[in-house]
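Notes for the structure review
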Amino acid sequence: MAIGRKTVATLVVFAAIVTYYAMIPVPPNLSSSDNNVLRLSAFIMDTTALLRSLPTKAHIHWFNFHTWLGTGPTFTDPSIKYRDMRTDGGVRIRLYEPIKHKSRRAGLLYFHGGGFVYGNTRSHHGLTHHLAARLDAVVVSVE
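Cut-offs applied
Residues numbered from 1 in each chain as written. Predicted model: local features only at pLDDT ≥ 70, side-chain atom pairs only at ≥ 80, totals over all residues. Heavy atoms only, no water. Helix = DSSP H or I, 4+ residues; strand = E, 2+ residues; numbered from the N terminus. Buried < 20%, exposed > 50% of the residue type's maximum accessible area, 1.4 Å probe, protein only. Contact = heavy atoms within 4.5 Å. Salt bridge = Lys/Arg side-chain N within 4 Å of Asp/Glu carboxyl O.

This part is about the overall build of the protein chain. In terms of helices and strands, the protein chain carries 4 helices and 4 strands. Each helix and strand of the protein chain, placed in order from N terminus to C terminus, yields the pattern α-α-α-β-β-β-α-β. When each of the 143 residues of the protein chain is scored for burial, the buried share is 25%. In the protein chain, the share of contacts with a sequence separation of at least 24, taken over all contacts with a separation of at least 6, comes to 56%.

Pasting the structure below:
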């Protein structure tokens, strides 16, 4: 199967963008996972600014491409357990809890955004898992 010019151009632009974000200077004292979250955050903020200037259909295509590639953060920490649940009202949530028991612990309620069009608890799993581990908090991610 031959690759078209548009596909090659898209891959070249994508490679240039990935290289740019891989070379962003970051503070040297960051852990590897914090470094990746910082780079991903910069990429998401810049991409969001670009997408705001495009038609809505472009947002959906970009998100689908991002999800298909699986390029979201993949942070996992064995000290955090998570489970999918439904509230009494039927809202799907994903609950992240540190395994080590404490009688009192901070909590974070996380709404991923997406304007009821795209995104879910799975697409933001890496970020919410990371937040639970770094904050030693219970995190509730709402679908």
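Here the structure, examined in full by the defined rule, presents 6 salt bridges. With its nearest N and O atoms 3.1 Å apart, the salt bridge here joins Arg-134 to Asp-34. One end of the pair, Arg-134, is in helix α4 (residues 125-135); the other, Asp-34, is in helix α2 (residues 32-52), and 100 residues separate them in sequence. Residue Arg-134 is classed as exposed on the basis of its relative accessible area, which comes to 54%. With its nearest N and O atoms 3.2 Å apart, the salt bridge here joins Arg-105 to Asp-136. Here the residue Arg-105 occupies a position in the loop between β2 (92-98) and β3 (107-111), and Asp-136 occupies one in the loop between α4 and β4 (138-142), the gap between them amounting to 31 residues.

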